[in-house]
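If you want the building blocks of each chain, they are given just below.
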Amino acid sequence: MKFFEKKFLNTERTEDTEDAERGKSMAVSIKDVENAAKLARLSFSEDEKEALVDDLNTILGFVDKLNELDTDDVDIVVNPYYIENKFREDEVEQSMELRDVLRNAPDCVHEYILVPKVI
Amino acid sequence: MELHKLKAHELKVLIEKKQIKVEEVTEGFLDRIKNTDHNLGAFLYTAEEEALASAKRLDEKIAKGEELKGLGGVPIGLKDNISVSGMINTCGSKILQGYKAPFNAHVVDRLLETDAVILGKTNMDEFAMGSSNENSAYKITRNPWNLDRVPGGSSGGSAAAVAACQVPIALGTETGGSVRQPASFCGVVGLKPTYGRVSRYGVVAFGSTFDQVGTIARDVKDCALITESIAGLDNKDFTTVHIDVQDYKKSLVKDIRGKKIGIPKEFFGEGLNDDVRKCVEDGIKVLKENGAEIKPCSLPLVDYSLAAYYILSSAEASSNLGRFDGIRYGHRAEKFEDSIDLFYKSRTEGFGREVKRRIILGTYALSSGYCDAYYKKALKVRKLISEDFQRVFKEFDAIISPTSPTTAFKIGERTNDLLAMYLSDIYTVPISLAGIPAISIPCGKVEGLPVGLQIIGNYFEEDVLFNLAYSLEQEINLESMLPRL
């Protein structure tokens, strides 16, 4: 947990500074992991959660070095380079064979996939 | 004649001259897989029946006097995240156990149109997340040079299969180095084309702004041959571009006079194994002797690449892997209380440890309050790194580095050390962030293990990579690059 302490100390030192606002020193807690797990629809045992806290802090500690770079004036491009949307005609094409698609469904009746009752 | 030792272009000529039937070639390689894969574990599925049926069809074509197209009856292996209609597509994950693809990926259609014979699906790290193939839910793939070592990953099955002559050529996929790093570890040629050069339609998505299908072969000529077969525009993947695919055959010449090559000091610093460094430097000398102009250059921001990569690729993965919910396909938990519980249980049972870790990291990095600090920050750094490369390409035609800082490591050596595992991709990830192409080519061996040299080019200049790689290859003893199995 040496790393966690380092992060924790960092938090104290840089509190209220611009760095803190930019996301430095945000040590991950069990609560954070639980929140992410809920969003991602995954469940973990207590041991697994603790391991994830350590792993995420290791990785994010490494990621912290990004804050050494001033990126205030840099634009965001999501793809590696600018890509324009491409449009094509809305033409009817052959679909996949329903039989082949449904063969992969865990549970189905005729051409319907069965799911648990929702409402 | 040991059929399996022949390269794709050699097999193609023999088939063309009717000295051998496609069926015989197919049988020969299927036998090779049978005789070697119990040691190697490269294949998850061998498509014996399908392969022999298509071989027969191609032989009938030839008998009718028709000429075969580009890949002329040559067998090929595909990573198990590339959809082939009717075949499994597990992505190395339990969550897709039993799933059979109901359609062909665009690259598979292209392979079939150019008369390749698909021999089967190769092992991989689960959802392509890993650098050693140890994250496969099914089995371990071993390095054909030393069975105690990893083949690299995540396209480790494809690279090991080609190195072991189980197939002459294979396709892998790349997000951060998953073709180049295993190619380097296994002593074969591996290309990651430019982002947008090859369609990803039908390839299971990991990091959509990185993913690219890559080609693996035992020499540069074969690598160029498959790349030409699969590259180009596809209306089903809007990132593919309307830029003509070059005639790569024209680039396969030794002469590289006038080519300017930059050697970035950041890729030769701390962490690089000394013997690997020497091997790569020897390769650079060869290129100098062959006429290239070699000069130092600098890419000061590449040190930030891994950090930006793990945020962005995990963020994209967390979104892409949302589709595995136990509803329409894939694993569904047996017992559940309601639909939400079904999602939880199916996903928790179906995904392995590394995949869950990255989903959690990605979800965290995208979640409210952290998105600006991590995801957006990483995107901005990505842009700066791309600009760094563009600055260097104003002066140079290509950049050369090692593909990975070490040779293949031992099985189990890095499974408990996250950062050590991630560090084996330190020289490949910057290229993936920028979306430019790069090729790994064997340049020698250290203690019996192959070393890969990476040649990096500018957008859509795969031809320059093939030219330089081919020139270097002329001085490499390829016979010495065949492992004994």
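Preceding this paragraph is the structure being described.
Note that the structure is predicted; figures quoted are calculated from it, not measured.

Procedures and definitions
Residues numbered from 1 in each chain as written. Chains lettered and ligands numbered in written order. Predicted model: local features only at pLDDT ≥ 70, side-chain atom pairs only at ≥ 80, totals over all residues. Heavy atoms only, no water. Helix = DSSP H or I, 4+ residues; strand = E, 2+ residues; numbered from the N terminus. Buried < 20%, exposed > 50% of the residue type's maximum accessible area, 1.4 Å probe, protein only. Contact = heavy atoms within 4.5 Å. Areas by Shrake-Rupley, 256 points an atom, 1.4 Å probe, with all protein chains shown as cover. Rg over C-alpha atoms; globule rule 2.2 N^0.38 Å. Patch = residues over 30% accessible without salt bridge, like charges linked within 9 Å, V, L, I, M, F, W, Y side chains within 5 Å. Salt bridge = Lys/Arg side-chain N within 4 Å of Asp/Glu carboxyl O. Pairing = 2+ DSSP bridges. Axes fitted to C-alpha atoms, helices over the stretch in contact; angles between N-to-C directions. Buried area = accessible area lost by both parts, 1.4 Å probe. Polar contact = N/O pair within 3.5 Å; in protein donor to acceptor, adjacent residues only side chain to side chain. Nonpolar A, V, L, I, M, F, W, Y, C, P; charged D, E, K, R; others polar. Lys, Arg positive; Asp, Glu negative; His and termini not counted. Charge placed at Lys NZ, Arg CZ, Asp CG, Glu CD. Disulfide = S-S within 2.5 Å. Expected span 1.5 Å × (residues − 1).

**Section: the overall build of chain A**
Then step 1. Each helix and strand counted, chain A has five helices and two strands in total.
Then step 2. For chain A, the α and β elements follow one another from N to C terminus as α-α-α-α-α-β-β.
Then step 3. Burial analysis of chain A (119 residues in total) assigns 33% to the buried set.
Then step 4. Of the contacts formed within chain A by residues at least 6 apart in sequence, a portion of 45% connects residues at least 24 apart.
Then step 5. As presented, chain A carries roughly 8700 Å² of accessible surface, and 50% of it is formed by carbon and sulfur atoms.

**Observations concerning the overall build of chain B**
Then step 1. Each helix and strand in chain B was counted, giving 15 helices and 11 strands.
Then step 2. For chain B, whose C-alpha radius of gyration is 21 Å, the value lies close to the compact-globule estimate of 23 Å for 485 residues.
Then step 3. By principal-axis analysis of the C-alpha atoms, chain B measures approximately 65 × 55 × 45 Å.
Then step 4. The buried share among the 485 residues of chain B stands at 68%.
Then step 5. Here the contacts in chain B between residues at least 6 apart in sequence split such that 76% fall between residues at least 24 apart.

**Some details on a nonpolar patch on the surface**
All names here are of chain A.
Then step 1. Taken together, the side chains of V115, V118 and I119 present a nonpolar region at the surface, about 370 Å² in accessible area.
Then step 2. In this structure, V118 sits in the segment after β2 (112-113).
Then step 3. Looking at V118, the relative accessible area reads 63%, which means it is exposed.

**Description of the side chain of B:S401**
Then step 1. Relative to the helices and strands, B:S401 is located in strand β9 (residues 398-402).
Then step 2. Those residues within four positions of B:S401 in sequence are excluded, and the remaining contacts are B:F267, B:F268, B:V280, B:Y427, B:L453, B:Q454 and B:I456.

**Points about the sheet that holds strand β3 (residues 117-122) of chain B**
Residues and elements named next belong to chain B.
Then step 1. Taken together, 11 strands build an open sheet; the order of strands is β1-β3-β2-β4-β6-β5-β10-β11-β9-β7-β8 and the sheet is mixed. Each edge of the sheet is formed by a strand with only one pairing partner; in this case those strands are β1 (43-46) and β8 (293-297). In this sheet, adjacent strand axes meet at a mean angle of 30° when their direction is disregarded.
Then step 2. Direction of pairing for strand β4 (residues 169-174) relative to strand β6 (residues 212-217): antiparallel, over a ladder of six bridges. Note that in β6 the partner of T173 across the bridge is V213.
Then step 3. Lying over the sheet, helix α7 (residues 220-230) contacts β2 (75-79), β4, β5 (189-192), β6 and β10 (438-446), oriented at roughly 145° with respect to β6.

**Some remarks on the interface of chain A and chain B**
Then step 1. The interface is formed by 57 residues belonging to chain A together with 69 residues belonging to chain B.
Then step 2. Together chain A and chain B conceal approximately 5700 Å² of surface at their shared face, both sides included; 69% is due to carbon and sulfur atoms.
Then step 3. Remark: the boundary between chain A and chain B carries two salt bridges.
Then step 4. Residue A:E93 pairs with B:K236 through a salt bridge whose shortest N-O separation is 3.8 Å.
Then step 5. Between chain A and chain B we count 19 residue pairs in polar contact (both at pLDDT 80 or more) in total.
Then step 6. The set of elements that each furnish at least two residues to the side of chain A that touches chain B consists of α3 (30-39), α4 (46-63) and α5 (98-102) of chain A.
Then step 7. A per-class count over the side of chain A that touches chain B returns 32 nonpolar, eight polar and 17 charged.

**Topic: a negative patch on the surface**
Then step 1. Together, A:D47, A:E48, A:E50 and A:D54 give the surface a local cluster of negative charge.
Then step 2. Looking at where A:E50 falls in the secondary structure, it is placed in helix α4.

**Some details on the pattern of salt bridges**
Then step 1. Applying the stated criterion across every chain yields a total of 26 salt bridges over all chains.
Then step 2. Among the salt bridges present, the one from B:R357 reaches A:D55, with a minimum N-O distance of 2.7 Å. With one member in each of two chains, B:R357 in helix α11 (residues 353-366) and A:D55 in helix α4 form a pair that bridges those chains. Taken as a pair, B:R357 and A:D55 share a single burial class, namely buried.
Then step 3. Its salt-bridge partner being B:D255, residue B:R257 comes within 2.9 Å of it at the nearest N-O pair.

**Section: the state of the cysteines**
Disulfide: a covalent bond connecting the sulfur atoms of a pair of cysteines.
All names here are of chain B.
Then step 1. Applying the stated criterion to the full structure yields zero disulfides over all chains.
Then step 2. Free cysteine: C223, not disulfide-bonded; nearest cysteine sulfur from C186 at 15 Å.
Then step 3. The buried category is assigned to C223, whose relative accessible area is 0%.
Then step 4. Cysteine C443 is unpaired, with the sulfur of C279 as its nearest cysteine sulfur at 4.4 Å.

**Considerations on helix α10 (residues 339-350) of chain B**
Then step 1. The terminal C-alpha atoms of α10(B) lie 16 Å apart, and with 12 residues this matches the ideal 16 Å at 1.5 Å per residue to within 8%.
Then step 2. Of all the residues in α10(B), the buried ones are B:S339, B:D341, B:L342, B:Y344, B:S346, B:R347, B:T348 and B:G350.
Then step 3. Looking at the buried positions of α10(B), the neighbouring elements they touch are α3 of chain A together with α11 of chain B.
Then step 4. Measuring from the backbone nitrogen of B:I340 back to the side-chain oxygen at the start of α10(B) gives 3.3 Å, which picks out B:D338 as the cap.

**Describing unusual backbone geometry**
Residue and element names in this part refer to chain B.
Then step 1. The linkage connecting G153 with the following residue, S154, adopts the cis geometry, with an omega of 10°.
Then step 2. Tracing the sequence through the fold places S154 in the loop between β3 and α5 (156-163).
Then step 3. Even without glycine at this site, K18 takes up a positive phi of about 60°.
Then step 4. Its place among the elements puts K18 in the loop between α1 (8-16) and α2 (22-40).
Then step 5. Here K18 falls in the exposed class, since its relative accessible area comes to 59%.

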